[in-house]
Amino acid sequence: MVTENQLTHKRIRLRVPKEYHQEPVISRLVSNYGLTVNITAAMLGSNGVGDGWFDLDLQGSHEQIESALIYINDLDLEIWHDITTGDY
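Treat the numbers as computed from the prediction; the structure is a model and nothing was measured.

Criteria and cut-off values
Residues numbered from 1 in each chain as written. Predicted model: local features only at pLDDT ≥ 70, side-chain atom pairs only at ≥ 80, totals over all residues. Heavy atoms only, no water. Helix = DSSP H or I, 4+ residues; strand = E, 2+ residues; numbered from the N terminus. Expected span 1.5 Å × (residues − 1). Buried < 20%, exposed > 50% of the residue type's maximum accessible area, 1.4 Å probe, protein only. Arc of directions from axis to C-beta. Contact = heavy atoms within 4.5 Å. Core = buried A, V, L, I, M, F, W, Y, C linked by side-chain atoms within 4.5 Å.

Participant: How would you summarise helix H2 (residues 62-74) if you had to cite specific residues and measurements?
Facilitator: Here H2 contains 13 residues, and its C-alpha end-to-end distance of 18 Å stays within 8% of the 18 Å for a straight helix at 1.5 Å per residue. Ile-65, Ala-68, Leu-69, Tyr-71 and Ile-72 are the residues of H2 that are buried. For H2, the buried positions fall inside an angular range of 155° around the axis, keeping them on one side. Set apart from the buried face of H2 by more than 90 degrees, the exposed residues are Glu-63, Ile-70 and Asp-74. Looking at the buried side of H2, the elements it contacts are strand E1 (7-16), helix H1 (25-31), strand E3 (52-61) and strand E4 (78-81).

Set out below in structure tokens:
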């Protein structure tokens, strides 16, 4: 059983389409939802053309993580849950 304030981890892979490259999506996970975010892998073209992919380890309370996932879903970004990093 997870208590409300107990820290937990969730690993996700997030696709960020090129139209969101100028949006601070990952930064907002920290500032708006109080998460600790570790980028364990990423692929983003240097010229900003095409989609970016980020493997993220999210740390926070269950409620913080769920709220952040709702935010990501509201942006209509593609998410894979409980991924294994390094398998691009």
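Participant: Describe the nonpolar core, naming the residues involved and giving the relevant values.
Facilitator: Counting 17 residues, the largest nonpolar core has Ile-12, Leu-14, Leu-29, Leu-56, Leu-58, Leu-69 and Ile-72 as the members making the most contacts within it. Those elements giving two or more residues to this core turn out to be E1, H1, E3 and H2. With five residues, H2 is the single largest residue contributor to this core. Here Leu-69 is in contact with Lys-10, Ile-12, Leu-58, Ile-79 and His-81, once residues within four sequence places are set aside.

This is a description of form; function is not addressed.
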